[in-house]
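# Topology and contacts: notes
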Amino acid sequence: MIDRNRKVKWGILGCGKIAHKFANDLLLNDNSELVACVSRDVEKSTAFAEKYNIRFSFDSYEDFARCDEIDVVYIATPNSYHKEHSLLCLRNKKAVLCEKPLATNKADVEEMIKVAQENKVFFMEAMWTSCLPNIISINNTIQKGIIGELIHITADFGFKTGYDPKSRLFDPNLGGGSLLDIGIYPLYISLLLLGKPKSIRVSMRYCETGVDTSCSALLSYENGATAALFSSFETVTDIKCEIYGTEGKIVIPGRFHEQNEYLLSKQGFSEQLIKSEKVGLGYYHEIEHINECLYRGEVESFIMPFRMSLDLIEIMDEMRFKSEKFS
Ligand SMILES: NC(=O)c1ccc[n+]([C@@H]2O[C@H](COP(=O)([O-])OP(=O)(O)OC[C@H]3O[C@@H](n4cnc5c(N)ncnc54)[C@H](OP(=O)(O)O)[C@@H]3O)[C@@H](O)[C@H]2O)c1
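Scoring rules and cut-offs
- Residues numbered from 1 in each chain as written.
- Predicted model: local features only at pLDDT ≥ 70, side-chain atom pairs only at ≥ 80, totals over all residues.
- Heavy atoms only, no water.
- UniProt positions renumbered as here; feature names shortened; annotations may be inferred.
- Helix = DSSP H or I, 4+ residues; strand = E, 2+ residues; numbered from the N terminus.
- Buried < 20%, exposed > 50% of the residue type's maximum accessible area, 1.4 Å probe, protein only.
- Pairing = 2+ DSSP bridges.
- Axes fitted to C-alpha atoms, helices over the stretch in contact; angles between N-to-C directions.
- Parallel < 35°, antiparallel > 145°, perpendicular 65-115°, else oblique.
- Left-handed = near helix turned anticlockwise from the far one by under 90°.
- Contact = heavy atoms within 4.5 Å.
- Phe/Tyr/Trp six-rings, centres within 6.5 Å; stacked < 30°, edge-to-face > 60°.
- Arc of directions from axis to C-beta.
- Domains from an automatic or database assignment.
- Buried area = accessible area lost by both parts, 1.4 Å probe.
- Near = heavy atom within 4 Å.
- Polar contact = N/O pair within 3.5 Å; in protein donor to acceptor, adjacent residues only side chain to side chain.
- Areas by Shrake-Rupley, 256 points an atom, 1.4 Å probe, with all protein chains shown as cover.
- 1 Å grid on protein atoms, 1.4 Å probe; cavity = no way out; pocket = protein on both sides within 12 Å on 5 of 7 lines; lining within 4 Å.
- Sits in = over half its atoms within 2 Å of the grid points.
- Nonpolar A, V, L, I, M, F, W, Y, C, P; charged D, E, K, R; others polar.

## As for the UniProt feature "domain: GFO/IDH/MocA-like oxidoreductase" (unreviewed entry) in the protein
UniProt marks residues 140–250 with the feature "domain: GFO/IDH/MocA-like oxidoreductase" (unreviewed entry), using the numbering shown here. End-to-end, the C-alpha atoms of residues 140–250 are 12 Å apart, and along that stretch the chain is 19% helix and 37% strand.

Structure follows, in structure tokens:
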């Protein structure tokens with residue numbers, strides 16, 4: 001448990017693209033202090049430290065993980081390294097916020113959770129969407145039954161990018177593929193609102209490296225509800241989410257996973273625009289949540305619990321295993 005009278009001391013492991021965005025939001029949070037960063041490249045870690053006024057910079061992940069000044073580490077490395085880097089920090093008794101997806105298969109996620117539990121340290125998947133006030137408000141509206149029983153969800157996340165077999169998006173050794181990279185957001189919304197599906201039908205398109213470049217799935221639930229999910233590196237989509245209930249609907253406009261507003265319409269009535277708070281790029285809210293968990297002495301998030309991460313990876317494993325192949 002961290003004393004509420006002091007700031008939570010954060011470290012960032014891996015100084016890539018998302019690390020910069022996260023650092024900017026950390027600096028907006030009054031209860032956080034960014035005390036350390038690490039890159040395998042000393043020039044990169046020094047430049048990162050200078051840019052964000054960070055006291056300790058390292059060029060060895062191992063030395064960083066041993067640093068006593070750090071309470072919690074944000075892991076911002078490619079998907080296939082999340083397990084190795086999380087275990088390194090957890091075994092050094094650091095709380096960990098690890099980028100999504102937690103790992104590239106369920107067995108690895110189970111092992112990561114086990115190590116966190118054995119070491120009695122906080123561990124959470126950085127599904128930042130889960131902490132956004134907009135998503136929390138939508139979930140509350142649905143739980144109250146305002147749009148009735150849910151019967152269908154559509155959610156998509158697509159952008160067009162050139163094929164580069166060496167990039168983390170396309171390299172299987174870095175955990176590439178549209179499903180793991182962005183398809184996880186549509187899947188998260190369906191899991192949050194409808195739970196685990198009873199059955200899954202899925203089609204994927206693949207590139208030469210063997211990872212999926214597009215993924216289309218239809219999830220079916222016990223009550224007959226369905227979710228149509230799509231992710232792609234091959235086409236630009238609206239990145240929108242539509243949630244249909246027996247009494248109304250909710251539309252989260254594009255980019256749904258980071259939105260601060262949604263449209264609510266009850267059948268027969270006009271649309272109502274509901275706005276929520278969003279600070280910085282939105283990572284602020286997961287940072288605030290983790291600080292609160294650490295102040296309370298929690299080892300598991302009450303917003304993004306282990307069960308959610310296990311369900312996400314289990315479904316993504318099944319989707320990749322079951323997919324019909326088109327390339
Ligand atoms: N939450 C979000 O909105 C969001 C958005 C984008 C990405 N992500 C997630 O964040 C993670 C990183 O994505 P990114 O776009 O920031 O990637 P990136 O720019 O490629 O940065 C990844 C960093 O990982 C480190 N790394 C360690 N071992 C590596 C290896 N063998 N090959 C390449 N890099 C290695 C590198 O840091 P050093 O060289 O400094 O050691 C590199 O800068 C991914 O898991 C991704 O899914 C999340």
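## Here we look at the pairing of strand β8 (residues 199–206)
Residues Ile200, Val202, Met204 and Tyr206 point to one face of β8 and are all buried, whereas Ser199, Arg201, Ser203 and Arg205, pointing to the other face, are not buried. As judged from the eight bridges shared by β8 and strand β9 (residues 212–220), these two strands associate in the antiparallel manner. Within the sheet, the bridge partner assigned to Met204 lies in β9 and is Cys215. The antiparallel pairing of β8 with β9 creates a hairpin that spans five residues between the two strands, and Gly210 there sits at a positive phi of about 100 degrees.

## Overview of the packing of helix α1 (residues 17–26) against helix α2 (residues 42–52)
One way to put it is that α1 packs onto α2 with a least axis distance of 11 Å and a crossing angle of 25 degrees. Regarding the angle of α1 to α2, the classification is roughly parallel. Every pair of crossing elements has a handedness; the one defined by α1 and α2 is right-handed. The segment α1 lies against α2, with Ala19, His20, Ala23 and Asn24 engaging Phe48, Lys51 and Tyr52.

## Looking at the UniProt feature "domain: Gfo/Idh/MocA-like oxidoreductase N-terminal" (unreviewed entry) in the protein
According to UniProt, the feature "domain: Gfo/Idh/MocA-like oxidoreductase N-terminal" (unreviewed entry) maps to residues 9–124 in the numbering used here. Segment residues 9–124 splits into 44% helix and 22% strand. End C-alpha atoms: 16 Å apart.

## What to know about the packing of aromatic side chains
Under the criterion given, the structure shown has eleven aromatic pairs. Summarising the aromatic geometry, the rings of Phe22 and Tyr283 are spaced 6.4 Å apart at their centres and angled 55 degrees between planes, so their arrangement reads as tilted. In this pair, Phe22 is assigned in helix α1 and Tyr283 in helix α8 (residues 283–296), connecting sequence segments 261 residues apart. Accessibility assignment for this pair places Phe22 and Tyr283 in one class, buried. Ring centres of Phe159 and Phe233 lie 5.5 Å apart, and the angle between their planes is 45 degrees; on these two criteria the pair is classed as tilted. Of this pair, Phe159 sits in the loop between β7 (150–158) and α7 (178–194) while Phe233 sits in the loop between β10 (226–232) and β11 (241–245), and the two are 74 residues apart along the sequence. What makes Phe233 buried here is its relative accessible area of 1%.

## Focus: helix α6 (residues 133–143)
It helps to recall that an α-helix has 3.6 residues per turn; residues three or four apart then point in one direction. Taken together, the buried positions of α6 are Asn134, Ile135, Ile138, Asn139, Thr141 and Ile142. For α6, the arc enclosing every buried residue in end-on projection is 160 degrees, short of the 170-degree limit, so these residues lie on one face. Looking at the buried positions of α6, the neighbouring elements they touch are β7, α7, β11, β12 (248–252), β13 (261–266) and β14 (272–275). Immediately downstream of α6, the backbone of Gly145 shows phi near 80 degrees, a positive value.

## What about the domain arrangement of the protein?
Domain parsing of the protein yields domain 1 (8–127 + 282–299) and domain 2 (133–277). If you average the C-alpha positions of domain 1 and of domain 2, the two centres end up 26 Å apart. Opposite the ten residues of domain 1 that make contact, domain 2 presents eleven residues. Carbon and sulfur atoms make up 66% of the surface buried where domain 1 meets domain 2, a total of about 960 Å² over both sides. On the domain 1 side of the contact with domain 2, Lys100, Met127 and His285 bury the most area, a combined 48% of that side's loss.

## So, the sheet that holds strand β2 (residues 32–38)
An order of β3-β2-β1-β4-β5-β6 is seen for the six strands of this open sheet, with the pairing classed as parallel. In the strand order of this sheet, the two ends are held by β3 (56–58) and β6 (123–125), each with one partner. Averaged over all adjacent pairs, the angle separating strand axes in this sheet is 20 degrees, with direction ignored. In this structure, strand β1 (residues 8–13) lies alongside β2, joined through six bridges in parallel fashion. Within β2, the residue paired with Leu13 across the bridge is Val38.

## Section: the site of the ligand
With respect to spatial proximity, 23 residues lie near the ligand, and among them Ser39, Lys44, Tyr61, Asn79 and Tyr283 are the closest. Note that an oxygen atom of the ligand is positioned 3.2 Å from one of the backbone N or O atoms of Thr77. Relative to its unbound accessible surface of 890 Å², the ligand loses 84% to contact with the protein. Among the detected pockets, the ligand sits in the largest pocket. Going through the elements one at a time, α1 and α7 are the ones with two or more residues in the shell around the ligand. Split by residue class, the shell around the ligand holds ten nonpolar, six polar and seven charged. Inspection of the shell around the ligand shows a minimum of three residues originating in each of domain 1 (8–127 + 282–299) and domain 2 (133–277).

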